[in-house]
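# Observations on the three-dimensional arrangement
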Amino acid sequence: QVQLVESGGGLVQAGGSLRLSCVASGIIFSFNAMAWYRQAPGKQRELVARISSGGYTVYADSMKGRFTISRDNARNTVYLQMNSLKPEDTAVYYCRATRGPDEYWGQGTQVTVSS
């Protein structure tokens, strides 16, 4: 079965950086888009960034210029580099991948940004 596991979350001060990783087990080379979402308590889950199988990226406006999504199929991993973090970035960050009609979600990693 396919499993996604996120890591790299933690507590940082405003202005700091974190790099999130999502490693997939199983067959992932046929994945289409992979993406990062986030959800704060009491809020809807929102898209952070998406990367297609061809490497095309899409970012939410508030993340443009600060966050970078990338993928390494050889390492079965998708990354989210987060710079210039703000307290409003505090959330649980989730990895999502699709393959054909199927979608897969990780369990999430907590990111907390203090001011």
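Heads up: these notes are all about the structure in this document. What you see is a predicted model; the values in this text were computed from it and never measured.

What counts as what
Residues numbered from 1 in each chain as written. Predicted model: local features only at pLDDT ≥ 70, side-chain atom pairs only at ≥ 80, totals over all residues. Heavy atoms only, no water. Phe/Tyr/Trp six-rings, centres within 6.5 Å; stacked < 30°, edge-to-face > 60°. Lys NZ or Arg CZ within 6 Å of the ring centre and 35° of its normal. Salt bridge = Lys/Arg side-chain N within 4 Å of Asp/Glu carboxyl O. Helix = DSSP H or I, 4+ residues; strand = E, 2+ residues; numbered from the N terminus. Buried < 20%, exposed > 50% of the residue type's maximum accessible area, 1.4 Å probe, protein only. Pairing = 2+ DSSP bridges. Disulfide = S-S within 2.5 Å.

### A closer look at the packing of aromatic side chains
- Counting across every chain of the model gives one aromatic pair.
- The ring centre of Tyr94 lies 3.8 Å from the NZ or CZ of Arg45, which sits over that ring.
- Positioned above the aromatic ring of Trp105, the side-chain terminus of Arg45 is 4.8 Å from the ring centre.

### Observations concerning the pattern of salt bridges
- Evaluation of the coordinates by the stated rule reveals six salt bridges.
- Of the charged contacts, one joins Asp89 and Arg66 as a salt bridge, the two residues approaching to 2.8 Å between their closest N and O atoms. Here Asp89 is found in the loop between strand E8 (77–82) and strand E9 (91–99), whereas its partner Arg66 is found in the loop between strand E6 (57–59) and strand E7 (67–72), with 23 residues between them in sequence. Arg66 matches Asp89 in its accessibility class, with the two residues each being buried.
- In the salt-bridge network here, residues are joined through shared partners; they are Arg38, Glu46, Arg66 and Asp89.

### What to know about the pairing of E8
- Buried residues dominate E8, accounting for five of its six residues.
- Bridging between strand E3 (residues 18–25) and E8 involves six bridges; their strand directions are antiparallel. Looking at the pairing, Leu20 lines up with Leu80 of E8.
- Two elements, E7 and E8, share six bridges in a ladder whose sense is antiparallel. Looking at E8, one finds that Asp72 is bridged to Thr77.
- Taking the residues between adjacent antiparallel strands as the criterion, E7 and E8 are bridged by four residues, where Asn76 takes a positive phi near 55°.

### Points about the state of the cysteines
- Here the structure, examined in full by the defined rule, presents one disulfide.
- Across a sulfur-sulfur distance of 2.2 Å, Cys22 and Cys95 are joined as a disulfide pair. Taking the torsion about the S-S bond as the criterion, the Cys22 to Cys95 disulfide, at about -80°, is left-handed. Residue Cys22 is located in strand E3, and its partner Cys95 is located in strand E9; the two are separated by 73 residues in the primary sequence.

### Some details on the environment of Ser62
- On the secondary structure map, Ser62 appears in the loop between E6 and E7.
- Overall, the relative accessible area of 42% leaves Ser62 in the partly exposed class.

Read these as spatial facts, not as claims about activity.
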